[in-house]
Amino acid sequence: MPRFYCPVPLAVGAELELPPTAARHVQVLRLQPGALITLFNGEGGECSATVLQMGRSHVAVRVDHHHAIEREPVRAVHLAVGMPANDRMDWLVEKATELGVASIQPLHTAHSVLRLSGERATKKQAHWQSVAIAACEQCGGNRVPLVHPVQDLEHWLATPTAAQAPANGIRCVLSLAEGSQPLAQALASSNAGQPVWLLSGPEGGLARSEEAQAREEGWRPVSLGHRVLRAETAALAALVSTQAT
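Residue positions are given per chain, counting from 1 as you read along its sequence in written order. Whole-chain, interface and lining totals are the exception, using all residues; otherwise, since this is a predicted model, local features are given only for residues with pLDDT of at least 70 and side-chain atom pairs are given and counted only at 80 or more. Water and hydrogen atoms were dropped before computing side-chain values, which therefore reflect all heavy atoms in the structure.

Caption draft 1: Representation of the overall build of the chain within the structure. Check the secondary structure of the chain and you find 7 helices and 13 strands. When the backbone C-alpha atoms are referred to their principal axes, the chain occupies close to 60 × 40 × 30 Å. Note on exposure labels: buried denotes an accessible area under 20% of the residue type's maximum, exposed denotes more than 50%, and partly exposed covers the range between, all computed with a 1.4 Å probe on protein chains only. By the burial criterion, 47% of the 245 residues in the chain qualify as buried. Only heavy atoms enter the contact rule, under which two residues are in contact if any of them lie within 4.5 Å. A sequence separation of at least 24 residues applies to 73% of the contacts in the chain between residues at least 6 apart. To measure how exposed things are, a 1.4 Å probe is used in the Shrake-Rupley method; for residues, cover is taken only from the protein chains shown. Within the structure as shown, the chain displays about 12,200 Å² of accessible surface, and the carbon and sulfur contribution to it stands at 53%. His is not counted here, nor are the chain ends, while Lys and Arg score as positive and Asp and Glu score as negative. Charged groups are reduced to one reference atom each: NZ for lysine, CZ for arginine, CG for aspartic acid, CD for glutamic acid. Taking the average place of the 20 positive charges on the side chains of the chain and the average place of its 22 negative ones, the gap between the two points comes to 4 Å. The helix and strand labels rest on DSSP assignments: H or I over at least four residues marks a helix, E over at least two residues marks a strand, and numbering proceeds from the N terminus.

What follows is the structure, encoded as structure tokens:
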């Protein structure tokens with residue numbers, strides 16, 4: 001059954017018009033009145049619905065049933081990443097969403113090639129959020145990860161959010177430095193439901209000063225093994241590793 005993100009209240013029995021993006025998707029699929037679809041609004045669970053009307057610019061549906069289905073990992077993982085160049089950030093957002101990431105924080109770092117500011121940064125954030133929505137529609141996720149506004153790493157580290165606070169989550173920075181603890185080992189003693197923040201650099205990794213600042217702020221240096229991975233590969237490998245512990 002086709003799935004569509006519909007960020008409005010979904011009350012059983014309600015008749016409503018789909019938001020423009022979802023309506024266009026229904027029209028592209030050439031669904032007809034009577035067709036069954038699945039809707040989710042990101043607040044948990046999903047709803048089965050029936051298409052009632054198809055217009056040139058609108059699609060009307062009826063919400064039939066709510067299903068309390070969750071497909072999210074037990075452990076919430078928040079990914080902070082030095083933005084890779086070209087289309088790799090799109091790919092990273094898509095795959096991280098498929099793997100169940102809870103949120104994504106794009107960062108400017110010393111070695112970042114991609115630099116965004118002003119309106120361009122805002123448009124990119126909106127684009128990446130739409131990539132995450134599309135990935136949820138495809139993979140069955142019912143909670144869309146939040147893509148935060150682009151920030152500079154130095155500022156972001158110096159102003160931690162509540163989710164980053166030591167009492168609420170484990171904070172790990174991916175590091176190639178000697179003595180870094182294997183990520184699996186760092187997570188082994190934690191509660192399986194305890195949230196995790198992962199900080200990963202762009203091409204070339206984090207600068208020494210950036211990693212030093214992260215350590216001063218309480219981030220644990222962790223490794224993924226002896227191989228040197230691409231920026232986007234390292235972030236996804238760490239995300240998978242957190243779900244296996």
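Caption draft 2: Focus on helix α7 (residues 231-243). To estimate how far a helix should extend, the number of its residues minus one is multiplied by 1.5 Å. Its 13 residues give α7 an end-to-end C-alpha distance of 19 Å, which sits within 8% of 18 Å, the value for a rise of 1.5 Å per residue. On its buried side, α7 packs onto β6 (77-82), α2 (88-98), β10 (170-174), α5 (183-188) and β12 (196-200).

Caption draft 3: The arrangement of the confidence of the model for the chain in detail. Predicted confidence across the chain gives a mean pLDDT of 91, with 96% of residues reaching 70 or more. No element of the chain has a lower mean pLDDT than α5, which averages 89, and none a higher one than strand β3 (residues 36-40), which averages 97. Confidence scores labelled pLDDT are given residue by residue by the predictor and lie between 0 and 100.

Caption draft 4: Examining the packing of α2 against helix α3 (residues 118-139) more closely. Fitted lines through C-alpha atoms serve as axes, helices being fitted only where they are in contact, and the angles separating the N-to-C directions of these axes extend from 0 to 180 degrees. The N-to-C vectors of α2 and α3 enclose an angle of 40°; their axes lie 8 Å apart at closest approach. Crossing angle aside, the handedness with which α2 passes α3 is right-handed. From α2, M89, D90, V93, E94, T97 and E98 reach across to α3, where they touch H127, W128, V131, A132, A135, C136, Q138 and C139. Considered class by class, the residues forming the contact of α2 with α3 number 8 nonpolar, 3 polar and 3 charged. Left-handed describes a crossing in which the near helix is turned anticlockwise from the far one by less than a right angle; the clockwise case is right-handed. Nonpolar residues are Ala, Val, Leu, Ile, Met, Phe, Trp, Tyr, Cys and Pro. Charged residues are Asp, Glu, Lys and Arg, and all others, Gly as well, are polar.

Caption draft 5: Structural detail: the layout of surface pockets. Considering only enclosed or pocket space, the largest pocket measures out at about 490 Å³ in volume. Elements with a minimum of two residues in the lining of the largest pocket: α6 (208-216), β13 (220-223) and α7. For the lining of the largest pocket, the leading source of residues is α7, giving 3 residues. Partitioned by chemical class, the residues of the lining of the largest pocket number 11 nonpolar, 7 polar and 7 charged. Buriedness of a pocket was judged along seven lines, with at least five required to meet protein on both sides within 12 Å; pockets are open sets of points on a 1 Å grid over the protein atoms alone, cavities are sets where a 1.4 Å probe fits but cannot get out, and lining residues have an atom within 4 Å of a point. Grid points are joined across faces, edges and corners, and a volume is the space filled by probe spheres set on the points.

Caption draft 6: Geometry of the packing of aromatic side chains. In summary, the pairing rule links any two rings of Phe, Tyr or Trp, Trp by its six-membered ring, whose centres are within 6.5 Å, and it sorts them by plane angle into stacked for under 30 degrees, edge-to-face for over 60 and tilted for everything else. A full pass over the atoms with the stated rule returns 3 aromatic pairs. Arranged with centres 5.7 Å apart and planes meeting at 50°, the rings of W156 and W219 form a pair that is tilted. Highlighted residues: W156 in helix α4 (residues 153-158) and W219 in the loop between α6 and β13, separated in sequence by 63 residues. We note that W156, like W219, is buried.

Caption draft 7: Fine view of the sheet that holds strand β1 (residues 3-5). Think of it this way: DSSP has to see at least two bridges between two strands before they count as a pair. Spatially, the 5 strands line up as an open sheet ordered β1-β3-β4-β5-β2, and their pairing is mixed. Since the sheet does not close on itself, it has two edges, and those belong to β1 and β2 (15-17), each with one partner. Averaged over all pairs of adjacent strands, the angle between their axes in this sheet comes to 40°, without regard to strand direction. In the sheet, β3 pairs with strand β4 (residues 46-54) via 4 bridges, with the strands oriented antiparallel. What sits directly across from I37, in β4, is A49. Across the sheet, α3 is in contact with β1 and β3; its angle to β1 comes to roughly 150°.

Caption draft 8: The packing of α2 against α7, seen in detail. Where α2 meets α7, the closest approach of the two axes is 10 Å, and the angle between their N-to-C directions is 10°. Between α2 and α7, the interaxial angle falls into the category roughly parallel. Listed contacts from α7 to R88, W91, L92, K95 and A96 of α2 are E232, A235, L236 and L239. Split by residue class, the contact of α2 with α7 holds 6 nonpolar, no polar and 3 charged. These descriptions rest on fixed angle ranges, namely under 35 degrees for roughly parallel, over 145 for roughly antiparallel, 65 to 115 for roughly perpendicular, and the rest for oblique.

Caption draft 9: Main features of the nonpolar core. Throughout, nonpolar core names a set of buried Ala, Val, Leu, Ile, Met, Phe, Trp, Tyr and Cys residues whose side chains join them through atoms within 4.5 Å. The biggest cluster of nonpolar side chains holds 36 residues, and the ones touching the most others in it are L79, M89, W128 and L198. Those elements that place two or more of their residues in this core are β6, α2, α3, β10, α5, β12 and α7. Ranked by residues supplied to this core, first place goes to α3 with 6 residues. Counting 18 residues, the second-largest nonpolar core is a separate cluster that includes F4, C6, A22 and V26.

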